[in-house]
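Descriptive analysis of the structure
Residue-level listing of the chains:
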Amino acid sequence: MTRVFSGIKPTGHLTLGNYLGAMRRWAEVDQHQADALFCVVDLHALTVDHDPARVRRLSRQAATLLLAAGLDPQRCTVFVQSHVDEHTRLSYLLECVATDGEMRRMIQYKEKAARERERGGSVRLSLLTYPVLMAADILAYGTDEVPVGDDQAQHVELARDLAVRFNQRYGHTFVVPRATHPKVAARVMNLQDPTSKMGKSEDSGPGIVYLLDEPDVVRKKIMRAVTDTGSDVVYDRDARPGPANLLEILAACEGRSPEELSGAYTSYGALKKDTAEAVVEVLRPVQERHRALCADPAHVDQVLRTGAERARGMARPLVDTAYRAIGLLPGV
Ligand code: ATP
Ligand code: MG
């Protein structure tokens, strides 16, 4: 059976981008078709300036939202990265296979490091090495497929390269994984700046729809989305990024294609109105389940405990094999 692994960082409140680009497919497709693991990758949230209490709160919220989005612990494994030591154990071995040049070429490193510097902060070493830990997250489970938004393509490519290199040097150990992306909404853009990605760690603002936004807040944000001075509704991501983003969001919500939808609208106002209502309807059941789960925190704890045990059982033998392959003395 195909092994699937993916994760989400507790760096902020989860967004519509996280949902349409990743979580929705995990719930609707992956958990039914594959042996799937989904992880709140909390160690990755420590790579930028962080408040410990907030990270803890966001980790819980992310885990709760994964379940609210429809992940069923009977069908898949849901857990928190820091509960399974194998991720950091393997990460060190992979640091001995990766090069510093590879890390410095990562687009997200360049962007996030620039942002930290703009804010007057220093850049944590862990921000540079983050893609190695992510490779460890993936490789520790013998993962075949990594369902992610397309901003993560470069990181999954690195995981592939490290797996191949490790296998060549030290003998076949790791499965070489591949990224999968949704057909539409693989990169939801910020509503106020449709040339940049909607990201949960951006400063919160009117351009980001959060999964827990009230319906009226969602409507207001989408109605105020930046479009352009054109008067026709055309799907062209490069030339018309604002309308294209709305068309993609609507298409993803309705299971249609943005090209097909563009022909159905003659004004931005109508497109925005329908997009807003479609998003409100997509978020409604997630928000309802989230409310119910918040009333039962012991259930979420239990899911995470069981998930961590299961994940540990899967990762440990493979990571132990990697330890021996790379030249470490087996424990006595
Ligand atoms: P951060 O700003 O901290 O990087 P993020 O919103 O990018 O936060 P991640 O935790 O890095 O979220 O990513 C979780 C998953 O959501 C990944 O699969 C990622 O590709 C996907 N994702 C994130 N943002 C978007 C987006 N705007 N559109 C589509 N998918 C997205
Ligand atoms: Mg991200």
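Residues numbered from 1 in each chain as written. Chains lettered and ligands numbered in written order. Predicted model: local features only at pLDDT ≥ 70, side-chain atom pairs only at ≥ 80, totals over all residues.

**A word on the overall build of the chain**
Within the chain, the secondary structure is distributed over 12 helices and 5 strands. Its C-alpha atoms give the chain a radius of gyration of 20 Å, within 12% of the compact-globule value 20 Å for 332 residues. Overall size of the chain, expressed as C-alpha extent along the three principal axes, is 70 × 45 × 40 Å. Per-residue burial for the chain yields a buried fraction of 45% across its 332 residues. (Helix = DSSP H or I, 4+ residues; strand = E, 2+ residues; numbered from the N terminus. Rg over C-alpha atoms; globule rule 2.2 N^0.38 Å. Buried ≥ 20, exposed ≤ 12 C-beta atoms within 10 Å, placed from the backbone.)

**Quick look at the UniProt feature "short sequence motif: 'HIGH' region" (unreviewed entry) in the chain**
Listed under "short sequence motif: 'HIGH' region" (unreviewed entry) in the UniProt record, and renumbered for this structure, are residues 10–18. In residues 10–18, the share of helix is 33% and the share of strand is 0%. The end C-alpha atoms are 12 Å apart. (UniProt positions renumbered as here; feature names shortened; annotations may be inferred.)

**As for the site of ligand 1**
If you check the shell around ligand 1, you find 20 residues, and the closest are G17, G21, V148, G149 and G199. At 4 residues, helix 1 (residues 16–33) tops the list of elements feeding residues into the shell around ligand 1. Counted by class, the shell around ligand 1 contains 6 nonpolar, 9 polar and 5 charged residues. (Near = placed C-beta within 6 Å. Nonpolar A, V, L, I, M, F, W, Y, C, P; charged D, E, K, R; others polar.)

**Examining the pairing of strand 2 (residues 35–40)**
By the criterion of burial, strand 2 is predominantly enclosed, with 5 of the 6 residues buried. Note that strand 1 (residues 3–8) and strand 2 share 6 bridges and pair parallel. Across the sheet, F5 pairs through a bridge with L37, a residue of strand 2. At this point the chain moves from strand 1, through helix 1, to the parallel strand 2, and the crossover so formed is right-handed. (Pairing = 2+ DSSP bridges. Right-handed = clockwise from strand over helix to strand, strands pointing away.)

**Quick notes on the packing of helix 3 (residues 86–95) against helix 6 (residues 125–139)**
The interhelical angle for the contact between helix 3 and helix 6, taken along N-to-C directions, is 120°, at an axis separation of 8 Å. Taken as axis vectors, helix 3 and helix 6 run oblique relative to one another. Between helix 3 and helix 6 the crossing geometry is right-handed. Contacts from H87, L90, S91, L94 and E95 of helix 3 reach helix 6 at T129, V132, L133, A135, A136, D137 and L139. (Axes fitted to C-alpha atoms, helices over the stretch in contact; angles between N-to-C directions. Parallel < 35°, antiparallel > 145°, perpendicular 65-115°, else oblique. Left-handed = near helix turned anticlockwise from the far one by under 90°. Contact = placed C-beta atoms within 7 Å.)

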